[in-house]
Amino acid sequence: MSGSQEDIIDGNLGIYKGAIYENIIADILAKKGKKLYYFEYNSTLEVDFLTRYQKEIMAIEVKSASNSKSKSLETLMNKYNVRKGIKLAPSNYGKKNDIDIYPIYMAMFL
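Residues numbered from 1 in each chain as written. Predicted model: local features only at pLDDT ≥ 70, side-chain atom pairs only at ≥ 80, totals over all residues. Heavy atoms only, no water.

**Brief notes about the side chain of Ser 72**
Defined as follows: The secondary structure listing takes helices from DSSP runs of H or I that are at least 4 residues long and strands from runs of E that are at least 2 residues long, numbered from the N terminus. Throughout this description, a polar contact denotes any pair of N or O atoms lying within 3.5 Å of each other; where both atoms belong to protein, one of them has to be capable of donating a hydrogen while the other can accept it, and for residues adjacent in sequence the pair is counted only when both atoms sit in side chains. Working rule for contacts: check all heavy atoms of both residues, and any pair within 4.5 Å makes them a contact.
The residue Ser 72 is located in helix 3 (residues 71-79) in this model. Of note is the side chain of Ser 72, whose polar atom sits 3.4 Å from the backbone oxygen of Glu 46. Among all residues touching Ser 72, those that are not within four sequence positions of it are Thr 44, Leu 45, Glu 46 and Val 47.

**Quick notes on the pairing of strand 6 (residues 99-103)**
Our working rule: Per-residue accessibility, obtained with a 1.4 Å probe over protein chains only, is compared with the maximum for each type, and a residue is labelled buried under 20%, exposed over 50%, and partly exposed between these values. What makes two strands pair is DSSP finding at least two bridges between them.
Counting buried positions along strand 6 gives five out of five residues, so the element sits mostly inside the fold. Neither face of strand 6 is left uncovered, since the one carrying Ile 99, Ile 101 and Pro 103 and the one carrying Asp 100 and Tyr 102 both have all their residues buried. Relative to strand 6, strand 4 (residues 84-89) runs parallel, the two being bridged by five bridges. Residue Lys 87 lies in a different strand from strand 6, and its bridge partner there is Ile 101.

Below is the structure:
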């Protein structure tokens, strides 16, 4: 078994934590029948998921730390007129501007 596999199995998520969270959220949303898209522009603007919600585009950003900012999500919403933004993070429910912030475990309710 390679070092990264051993680290993850031992609970030492380190640099893998964000990718693991994103994969778990992708799995949850896909099992709910959501079509998922990734958005990147010129390697400067990146949002984890775009999907449809009530016939509109919904942007979802997954964060592995509760204090992480969502600059790309905010920029995407402003520049491309995306009205629904969700940040999933290991934190409590909240709202910042037009972005709803949910704890990671609430992804199953999206």
